[in-house]
Amino acid sequence: MKSQDRIKQDKIKNIDENIVKNRTNKKVNKIFIDKEKAKELTLKAAKILDDKKLEEIKILDLEDITSLSDFFILATASSSPQMKAGADAVYKELKKEGILPYSENENTSESLWHLSDYGFLVIHIFTKEGREYYDLDKLWLEAKEIEFDNNINNKKNK
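This report concerns the structure included in the present document.

Conventions used here
Residues numbered from 1 in each chain as written. Predicted model: local features only at pLDDT ≥ 70, side-chain atom pairs only at ≥ 80, totals over all residues. Heavy atoms only, no water. Phe/Tyr/Trp six-rings, centres within 6.5 Å; stacked < 30°, edge-to-face > 60°. Lys NZ or Arg CZ within 6 Å of the ring centre and 35° of its normal. Helix = DSSP H or I, 4+ residues; strand = E, 2+ residues; numbered from the N terminus. Buried < 20%, exposed > 50% of the residue type's maximum accessible area, 1.4 Å probe, protein only. Contact = heavy atoms within 4.5 Å. Polar contact = N/O pair within 3.5 Å; in protein donor to acceptor, adjacent residues only side chain to side chain. Patch = residues over 30% accessible without salt bridge, like charges linked within 9 Å, V, L, I, M, F, W, Y side chains within 5 Å. Areas by Shrake-Rupley, 256 points an atom, 1.4 Å probe, with all protein chains shown as cover. Salt bridge = Lys/Arg side-chain N within 4 Å of Asp/Glu carboxyl O. Expected span 1.5 Å × (residues − 1).

In total, this model carries 5 aromatic pairs according to the counting rule given. Among the aromatic residues, those joined into a ring-pair cluster are Trp-113, Phe-126, Tyr-133 and Tyr-134. Of note, Lys-35 hangs over the ring of Phe-71, and the distance from its end group to the ring centre comes to 4.5 Å.

With respect to the helices, strands and loops of the structure, Trp-140 is situated in the loop between helix H5 (136-139) and strand E8 (144-149). The exposure class assigned to Trp-140 is buried, which follows from its relative accessible area of 14%. It is 8.1 Å that separates the C-alpha atoms of Trp-140 and Leu-60, two residues lying 80 residues apart in sequence. Beyond its immediate stretch of four places on either side in the chain, Trp-140 contacts Leu-60, Leu-62, Ile-65, Thr-66, Leu-68 and Phe-72.

Here Ser-69 lies in the loop between strand E3 (55-61) and strand E4 (71-77). Of note is the side chain of Ser-69, whose polar atom sits 3.1 Å from the backbone oxygen of Gly-119. Of note is the side chain of Ser-69, whose polar atom sits 2.9 Å from the backbone oxygen of Phe-120. What Ser-69 contacts, discounting residues up to four positions off in sequence, is Leu-62, Gly-119, Phe-120, Leu-121 and Val-122.

The grouping of Leu-112, Tyr-133 and Tyr-134 at the surface amounts to a nonpolar patch, some 330 Å² of accessible area in total. One can find Tyr-133 in helix H4 (residues 128-134). Since its relative accessible area comes to 64%, Tyr-133 is described here as exposed.

A few words now on helix H2 (residues 35-51). Under the 1.5 Å per step criterion, the end-to-end length of H2 is 24 Å for 17 residues, consistent within 8% with the ideal 24 Å. Capping the start of H2 is the job of one residue whose side-chain oxygen sits 3.2 Å from the backbone nitrogen of Glu-36: Asp-34. Phi for Lys-53, located one or two positions after H2, is positive at around 70 degrees.

If you want it as structure tokens, here you go:
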């Protein structure tokens, strides 16, 4: 039997070597990103969603709240096609940075919620009905909200 320390070392090694599948089912290595770069990419993703005319965009800083992710973006789309367009636009831009999602859910015409998990960032794009039904705004109420103003490109913490 392996000692507890050896088991922990093996788990850490497996995390470092973990391979995931992206949209095209190609295998890619996970990239670990520091907090500042994560925040920069999160703000970029929010701007992209804003450019695609998604509404009620909210960025949540989850530091000290959960280890699931550093940031969440919550956004509302007027339709499933707009939801997909927003997720696709973020995917294309982050891919240029070498960042691919670890997982995404399938988007159909009946979808109320599209989720893209980038590890450091989880993007939740809802239809209006889905946003009201799942109410993640209330669930993560204790998270610090990061505001961004795209009109003057001024970003600040609330």
